[in-house]
Every structure is written in structure tokens, then in C-alpha cells.
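Working through the structure, step by step
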Amino acid sequence: GYNSQAAQVAQRFPLAADLPLTEAFRSGEAIWVESRAELLERYPHIAGTPMINQSFVVLPLVAHGRVLGCLGLSFREARQFDDNDRATAAILADLCAQALERSRLYEEARESAETALRLREQFLSIASHELKTPLTAMLGNAQLLRRRLQRRGGMQEAEAHNLDVVVGQATRLTRLIAMLLD
């Protein structure tokens, strides 16, 4: 039921403004206004502002001692807020604050996990490159040495076994690095 002018005024205002919402945010205390007369008594500078509601509640949304925002409720009729109203509003504000805090924590955890994944991928890429380079050279030279010795016919059984172990283990390490990357 707000006209466009009233809605536009309420969209943005400085935190230093003297309004129920900013007062609740700055103080961390709920603001309860039971009538328009009380509102204008507390905030006389808003007398010319168009309003359709008579009573207002502004609740700070507090998590871990920090105000995250405010929840504003307004009522068309003037009303006296009883203890049940105040308790219900306090529970609602607490639930909203918890939801906002969980959302913030979830976003932080998601960003942290994404950063950790990027760092892990970067580490694995660098580590695999650094491991593959000497391993490839070692494997290539061992295979070359084995072929040369086999062509000459001067390789003893123990030497052949030792070269087979070097080639086999280098090949195994190459597969392990590939699996690590996958």
C-alpha cells in the first residue's frame, strides 16, 4: 500500500540518519513504536513523510555480538505490544540473524574450499611436472643403456636384472604420477 514516493524514500538512506531502523542498527536494540504520535515525538523531523502505518517495530539482527541488519515490521493500526509480541518478534529476529550468519559462513566455506581446490590443482600440476621431467630422463637413459648393452652382448644377468628393476620402477612411478593427476 505504499505509494512510489514513500517507497523511494525508504530504499536508501545513510546509516547516520535519525530513523528507527538506523537507531536499531547502531544501538543493537529493538525499537518499538506503538503509535504515529510516538513516532513523531521520537523522530519529529519525519513529520512530512507520507506514512500509511501507525505502529512500528525494528529489530536488529545480531549474531555473535555483531549487527548484520535489521528487520522492520509495521502495522496499519496503532497497537500496544505485549510481552508475547515482543518475545515472538525477538525469536523471529534471532532466526533471521542465524540464517544470515549461516549464509555468510557457508559462503566463506565455499570460497575457502574453492581456493583450496585451486591451490591443490596448482600444486599437483607443478609437482607432477617436476617429478615427470627427471623420471622421463632416467627412464629413457635406462632403456637406452639396456638396448646398447644387449646389442653388444656383454650384459651379465645381474646387470640385466638391475636395469629391468630401474626401468620397471620408473615406469611404475610414471603411472603413479598420472594417477595422481587424474
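Residues numbered from 1 in each chain as written. Predicted model: local features only at pLDDT ≥ 70, side-chain atom pairs only at ≥ 80, totals over all residues. Heavy atoms only, no water.

A word on the overall build of the protein chain. Along the backbone of the protein chain there are 5 helices and 3 strands. The secondary structure elements of the protein chain, listed N-terminal to C-terminal, are α-α-β-α-β-β-α-α. What you see for the protein chain is a C-alpha radius of gyration of 36 Å, clearly larger than the 16 Å of a compact globule of 182 residues, by over 25%. Principal-axis analysis of the C-alpha atoms places the extent of the protein chain at approximately 110 × 35 × 25 Å. Looking at the 182 residues of the protein chain, the share that counts as buried comes to 22%. Within the protein chain, contacts between residues at least 6 apart in sequence are counted, and of these 52% link residues at least 24 apart. (Helix = DSSP H or I, 4+ residues; strand = E, 2+ residues; numbered from the N terminus. Rg over C-alpha atoms; globule rule 2.2 N^0.38 Å. Buried < 20%, exposed > 50% of the residue type's maximum accessible area, 1.4 Å probe, protein only. Contact = heavy atoms within 4.5 Å.)

Counted by the stated rule, this structure contains 2 aromatic pairs. Within the aromatic cluster, the residues linked to one another by ring pairs are Trp 32, Phe 75 and Phe 81. When the ring centre of Phe 75 is taken as origin, the NZ or CZ atom of Arg 79, which lies over that ring, is 4.7 Å away. Its guanidinium or amino end placed over the ring of Trp 32, Arg 86 lies 4.5 Å from that ring's centre, counting from NZ or CZ. (Phe/Tyr/Trp six-rings, centres within 6.5 Å; stacked < 30°, edge-to-face > 60°. Lys NZ or Arg CZ within 6 Å of the ring centre and 35° of its normal.)

Locating Arg 42 in the fold gives a position in helix H3 (residues 36-42). Taking relative accessible area as the criterion, Arg 42 reaches 33% and is therefore assigned partly exposed. Considered as a pair, Arg 42 and Leu 95 are 53 residues apart in the sequence and their alpha carbons are 28 Å apart. Those residues in contact with Arg 42 that sit more than four places away from it in its chain are Glu 23, Ile 31, Trp 32 and Val 33.

Turning to a nonpolar patch on the surface, a few remarks are in order. There is a patch of nonpolar side chains on the surface, built from Leu 173, Leu 176 and Met 179 and spanning about 290 Å² of accessible area. Positionally, Leu 173 belongs in helix H5 (residues 157-181). (Patch = residues over 30% accessible without salt bridge, like charges linked within 9 Å, V, L, I, M, F, W, Y side chains within 5 Å. Areas by Shrake-Rupley, 256 points an atom, 1.4 Å probe, with all protein chains shown as cover. Salt bridge = Lys/Arg side-chain N within 4 Å of Asp/Glu carboxyl O.)

Strand order in the open sheet formed by 3 strands is E1-E2-E3, with antiparallel pairing between adjacent strands. In the strand order of this sheet, the two ends are held by strand E1 (31-33) and strand E3 (66-75), each with one partner. Taken over all neighbouring pairs, the strand axes of this sheet differ in orientation by 15° on average, direction set aside. Relative to strand E2 (residues 55-63), E1 runs antiparallel, the two sharing 3 bridges. Within the sheet, the bridge partner assigned to Ile 31 lies in E2 and is Val 58. Contacts from helix H2 (residues 20-27) reach E1, E2 and E3, with the element oriented near 150° to E3. Set on the sheet, helix H4 (residues 83-152) makes contact with E1, E2 and E3; between it and E2 the angle comes to about 40°. (Pairing = 2+ DSSP bridges. Axes fitted to C-alpha atoms, helices over the stretch in contact; angles between N-to-C directions.)

On to the pattern of salt bridges. This model, assessed by the stated rule, comprises 10 salt bridges. Close ionic contact of Arg 42 with Glu 23 constitutes a salt bridge, the shortest N to O distance being 3.8 Å. Of the two residues, Arg 42 sits in helix H3 while Glu 23 sits in helix H2, which places them 19 residues apart along the sequence. For Glu 23, a relative accessible area of 25% gives the class partly exposed. Two residues, Glu 101 and Arg 104, come together in a salt bridge whose shortest N-O distance is 2.5 Å. Of this pair, Glu 101 and Arg 104 both sit in helix H4, separated by 3 residues, roughly a single helical turn. Residue classification places Glu 101 among the buried residues on the basis of a relative accessible area of 6%. Each of Glu 23, Glu 38 and Arg 42 takes part in salt bridges that share partners, so that together they form one network.

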